[in-house]
Every structure is written in structure tokens, then in C-alpha cells.
Amino acid sequence: MSELVIAGKLGVVGAGVMGRTIIQGAIKSCLLPPQKIWAAARTQRTCDQVRQELGIDTFTDYTVQLAETSIIILCVKPYKVEGVLEHLKDNGLSPDTLIISIAAGVSLATLESLTGGQNPVIRAMPNTPCVVGRGMTVVCGSAQTKPQHLELTKNLFSAVGTCLELEETHFDAVTGLSGSGPAYFYLMMESLADGGVRVGLPRDVAVKLVTQTALGAAAMVQQSGRHPASLRDDVTTPAGCTIAALLTMEDGKIRSVLARAVEEATRTASHLGGSASSEKTLATAAHPD
Ligand SMILES: NC(=O)c1ccc[n+]([C@@H]2O[C@H](COP(=O)([O-])OP(=O)(O)OC[C@H]3O[C@@H](n4cnc5c(N)ncnc54)[C@H](OP(=O)(O)O)[C@@H]3O)[C@@H](O)[C@H]2O)c1
């Protein structure tokens, strides 16, 4: 991947799990050298850790950095976004600075009103597998956002996985499916490994078998482009053990449990940052006109 061409620096406000992941991805894939990135955290302890781990400048008070910053990624918890943006606005945020927020449930309209409507603003929803370069990020831009802003943002998140642009109306659904999604797969993997242990496999072997099977199944769907149901049919021999297992899962209503879990996570996401888009998502799903 070639280096991003930006006039100033990239600032990451909130150097927690996701903030560090994005910075790591940008450095590892040579999108930006460490000297062109700074990060901010609430405590000096986090700042010291991040400076040591990633070799970038870190600050608890980052206001002097704003003049030479072209992109700010907001990686604080959703309830902190308002305070941080007000702080930025009161301390010389340039109207040219691109603001990218990864905060769940905080809408573009909220972000725009908090920045006074002058800055290009992009909303992004990544997930934690960005840490291992296998993340899934969805992005959308505000009216002030130019194609080059979206291109820059897509390049940044493509450095830590796959990046897709979608309408904002889908964002709570994205949060409920891919944002929270890794946790659903961990739970399923843990349960399947428990099954292996129940029938006599050592725990470490069971986890290894489950992990490679999950990776293999995901790659089959991704590379074949076939519907998962069709791939499932391939494994399901008449009177065999797979159909016995599948029927047991269906008895436990596995399909509706998983689908309803995504619906519930979507509904919850809609309340995190005062966004109304999810209620719209649920209503639109029920009445798709
Ligand atoms: N985790 C996920 O799976 C995931 C997925 C998609 C999106 N997100 C979104 O990502 C955002 C961050 O989540 P996270 O899991 O990375 O949180 P996190 O690990 O708790 O990190 C939050 C960071 O923000 C810093 N911070 C708090 N107040 C600050 C302030 N006023 N100025 C500057 N920095 C401040 C904290 O500093 P200290 O360490 O010093 O306290 C901490 O480093 C959230 O909005 C979440 O919705 C998370």
C-alpha cells in the first residue's frame, strides 16, 4: 500500500483498543510514518504506554497539535464525543480538518452540529479483528465530505482489513452485525469447543479444530461466492452425522436466536449516541418500501 498524501498529521483522540489498532495498521502498512501520527489519551499512563509501544508522540493535552493536523480520528467512548468535539472547537480546530468518528450510535448530524457544520465529517464502524488485519469497517460521509476524504478514510481502514461504504441509515445494523459480530463468533466457537471436550477431546485440541474450521468455512463463503446454505448442503450426507447435528441446532431455534440477537444489538446501538437511524432501520426492514 502506498503512503497517504496528507499535508499535516493524523491525530487519534482516544488511544484505547481501537485507536491503537488503527495506528498500528497505518504504521505497519506504511500508510504513514510514526512521525506523522499523534495520539491522545485521558491519562499519562496510557500516553506513556502508547508512546513506548508505537513510537509516536502522545498527549493528554493535544490542543497545540491541532494547527498541524489534517485528520482527527475520534476513538473515545460515544458519551465522550460531545465533550471532545467542543474541546476541539474551542481550541482552534481548523475547518479543513477531516473528522472521522468510530463512536457507535453517534450520527453524522450530531457530529456536524458539534463541529459547527464546517468540517468534513466521516462516520466509521470498524471491529476488533482490525488488530490482526482482518477487520470489517463500514464508512459514510457528511455533505461536506469530498470524494478524496472518503478515499483517504477507505485507505486507512483497508490497512487493517476490508472497508465498505454504505448509507448512514444502515449504521446501527452494521454495529449490530459486524461491530459486535466477533463476540457472537467467539461464543459459538467456545460452545463448539465445549462439545468437543464433552466427547473426549483435550480443550486445546478442540479450540484448534474449531478455529481452523471457522477460518475454513469463512474462506469457503468468501472465495466461492456461494450461498452458505448451498455450501452446507455439500456437507450434509443423507442419514449422516451432520444432518443429525443440524436438526439438533434447529430444535434449539439457532437461526432465530442468532438473527434476533443482531436485531437486539441494532436496537441497542440506536440508543448509544442518541441516533434515530436504527428505529428507521427496523421500521424499514419491516416495511421495505
Ligand atoms: N471495541 C470495539 O469492538 C469497537 C468496535 C467499533 C467501534 N468502537 C468504538 O470505538 C470507540 C472506542 O472504543 P474502545 O473499545 O477503543 O475504548 P477504550 O479502549 O476504552 O479507549 C478509549 C480511550 O479514550 C481515551 N480517552 C477518554 N477520554 C478522553 C479524552 N477526553 N480525550 C482524549 N482521550 C480520551 C482513554 O484514555 P485512558 O486510557 O487514559 O483512559 C482511552 O485510551 C467507542 O466509541 C466505540 O463505540 C469500538
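Since the structure is predicted, the reported quantities are computational estimates derived from the model, not experimental observations.

Asker: Looking at this structure, how should I read the environment of Gly-179?
Answerer: Assignment of secondary structure puts Gly-179 in helix α6 (residues 171-179). Looking at Gly-179, the relative accessible area reads 24%, which means it is partly exposed. Look past the residues within four positions of Gly-179 in its chain and what remains in contact with it is Met-125, Pro-126, Asn-127 and Val-174.

Asker: Please explain the site of the ligand as it appears in this structure.
Answerer: Neighbouring the ligand are 23 residues, the closest being Val-17, Met-18, Thr-43, Thr-46 and Val-76. Its free accessible area being 910 Å², the ligand has 79% of it covered by the protein chains. Among the detected pockets, the ligand sits in the second largest pocket. Across the shell around the ligand, the residue classes tally to 15 nonpolar, five polar and three charged.

Asker: Got a minute to help me understand the sheet that holds strand β1 (residues 9-13) in this structure?
Answerer: Strand-to-strand pairing in sheets goes through backbone hydrogen bonds, with the strands running parallel or antiparallel. Strands sit in the order β3-β2-β1-β4-β5-β6-β7-β8 across an open sheet of eight strands; the sheet is mixed. The sheet is open, and its two edges are formed by β3 (57-59) and β8 (161-165), each paired on a single side. With direction set aside, neighbouring strand axes in the sheet form an average angle of 20 degrees. One ladder, built from four bridges, connects strand β6 (residues 121-125) with strand β7 (residues 135-141); its direction is antiparallel. Directly across from Met-125, in β7, lies its bridge partner Val-138.

Asker: Sorry if this is basic, but what is going on with helix α2 (residues 44-54) here?
Answerer: Along an α-helix, a turn takes 3.6 residues, which lines up residues three or four apart on a common side. Burial in α2 covers these residues: Thr-46, Cys-47, Val-50 and Leu-54. Each buried residue of α2 sits inside an arc of 100 degrees when the element is viewed along its axis, so together they form one side. Opposite the buried face of α2, at more than 90 degrees from it, the exposed residues are Arg-45 and Gln-52. Where α2 is buried, its residues meet α1 (17-28), β2 (37-40) and β3. Following α2 by one or two positions, Gly-55 has its phi on the positive side, about 70 degrees.

Asker: Which parts of the structure should I look at to understand the packing of helix α7 (residues 181-198) against helix α8 (residues 203-224)?
Answerer: Two packed helices can be described by the angle between their axes and the distance between those axes. Two elements in contact, α7 and α8, have axes whose closest approach is 8 Å; the angle formed by their N-to-C orientations is 130 degrees. On the basis of their axis angle, the class for α7 and α8 is oblique. For the pair α7 and α8, the sense of crossing is right-handed. Contact with α7, carried on its side by Met-189, Glu-190, Leu-192, Ala-193, Asp-194, Gly-196 and Val-197, involves Arg-203, Ala-206, Val-207, Val-210 and Thr-211 of α8 and no other residues of that element. Residues of the contact of α7 with α8, tallied by class, amount to seven nonpolar, two polar and three charged.

Asker: Just to check I follow, could you spell out the layout of surface pockets for this structure?
Answerer: Remark: the empty space left among the atoms is shown by a probe the size of a water molecule rolled over them. For the second largest pocket, the calculated volume is near 860 Å³. As for the second largest pocket, its lining consists of 34 residues, and the residues nearest its centre are Gly-16, Val-17, Cys-75, Val-76 and Lys-77. Looking at the lining of the second largest pocket, the elements that each hand over two or more residues are α1, α6 and α7. For the lining of the second largest pocket, the element with the most residues is α1, which contributes three residues. Here the residues of the lining of the second largest pocket sort into 20 nonpolar, eleven polar and three charged.

Asker: It is not clear to me how a nonpolar patch on the surface should be interpreted in this structure. Could you clarify?
Answerer: A contiguous nonpolar surface patch, about 310 Å² in accessible area, is contributed by Leu-192, Met-249, Ile-254 and Leu-258. Along the chain, the position of Leu-258 falls in helix α11 (residues 254-272). The partly exposed category is assigned to Leu-258, whose relative accessible area is 35%.

Asker: Please clarify how the packing of aromatic side chains should be interpreted in this entry.
Answerer: In this description, a pair of aromatic rings is defined by centroid distance and the angle of the planes. According to the stated counting rule, one finds two aromatic pairs in the structure shown. Their ring planes at 75 degrees and their centres at 6.2 Å tell us that Trp-38 and Phe-59 sit as a pair that is edge-to-face. Of the two residues, Trp-38 sits in strand β2 while Phe-59 sits in strand β3, which places them 21 residues apart along the sequence. With respect to burial, Trp-38 and Phe-59 carry one shared label: buried. With 5.6 Å between their ring centres and 25 degrees between their planes, Trp-38 and Tyr-62 make a pair best called stacked. Here Trp-38, found in strand β2, pairs with Tyr-62, found in the loop between β3 and β4 (69-74); they are 24 residues apart in sequence, far enough to count as distant. For the pair Trp-38 and Tyr-62, a shared accessibility class is recorded, and that class is buried. Taken together, the ring pairs connect Trp-38, Phe-59 and Tyr-62 into an aromatic cluster.

The rules behind the values
- Residue numbers here run from 1 along each chain, matching the order of that chain's written sequence.
- It should be noted that, the model being predicted, local features are given only for residues of pLDDT at least 70 and side-chain atom pairs only at 80 or more, the latter also being counted only at that level, while totals for whole chains, interfaces and linings use all residues.
- Hydrogens and waters are ignored; side-chain quantities use all the structure's heavy atoms.
- To qualify as a helix, a DSSP run of H or I must reach at least 4 residues; to qualify as a strand, a run of E must reach at least 2; elements of each kind are numbered from the N terminus.
- When accessible area is computed with a 1.4 Å probe and restricted to protein chains, residues below 20% of their type maximum are described as buried, those above 50% as exposed, and intermediate ones as partly exposed.
- Whether two residues are in contact is decided by their heavy atoms, any of which lying within 4.5 Å being enough.
- A molecule or strand has a residue near it when one of that residue's heavy atoms lies within 4 Å.
- Each accessible area value is a Shrake-Rupley result obtained with a 1.4 Å probe; residue values ignore everything except the protein chains displayed when judging cover.
- Put plainly, a pocket is an open set of points on a 1 Å grid over the protein atoms alone with protein on both sides within 12 Å along at least five of seven lines, a cavity is a set where a 1.4 Å probe fits but cannot get out, and a lining residue has an atom within 4 Å of a point.
- A cavity or pocket is said to hold a molecule if more than half of that molecule's atoms lie within 2 Å of its grid points.
- Here the term charged refers only to Asp, Glu, Lys and Arg, the term nonpolar to Ala, Val, Leu, Ile, Met, Phe, Trp, Tyr, Cys and Pro, and the term polar to all other amino acids, Gly among them.
- Following DSSP output, two strands are said to pair if at least two bridges run between them.
- Angles here are taken between N-to-C directions and fall from 0 to 180 degrees, while the axes themselves are lines fitted to C-alpha atoms, restricted in helices to the stretch in contact.
- The directions from the helix axis to the C-beta atoms form the arc being described.
- Angle categories: roughly parallel below 35 degrees, roughly antiparallel above 145, roughly perpendicular from 65 to 115, and oblique for all the rest.
- The crossing is said to be left-handed when, going from far helix to near helix, the turn is anticlockwise and less than a right angle, and right-handed when the turn is clockwise.
- Grid points are joined across faces, edges and corners, and a volume is the space filled by probe spheres set on the points.
- Two joining distances apply to patches: 9 Å for like charges and 5 Å for nonpolar side chains (Val, Leu, Ile, Met, Phe, Trp, Tyr), and every residue must have over 30% relative accessible area and no salt bridge.
- Criterion for a salt bridge: a side-chain nitrogen of Lys or Arg within 4 Å of a carboxyl oxygen of Asp or Glu.
- For Phe, Tyr and Trp, rings pair up if their centres lie within 6.5 Å, where Trp contributes its six-membered ring, and each pair is then called stacked (planes under 30 degrees apart), edge-to-face (over 60) or tilted (otherwise).

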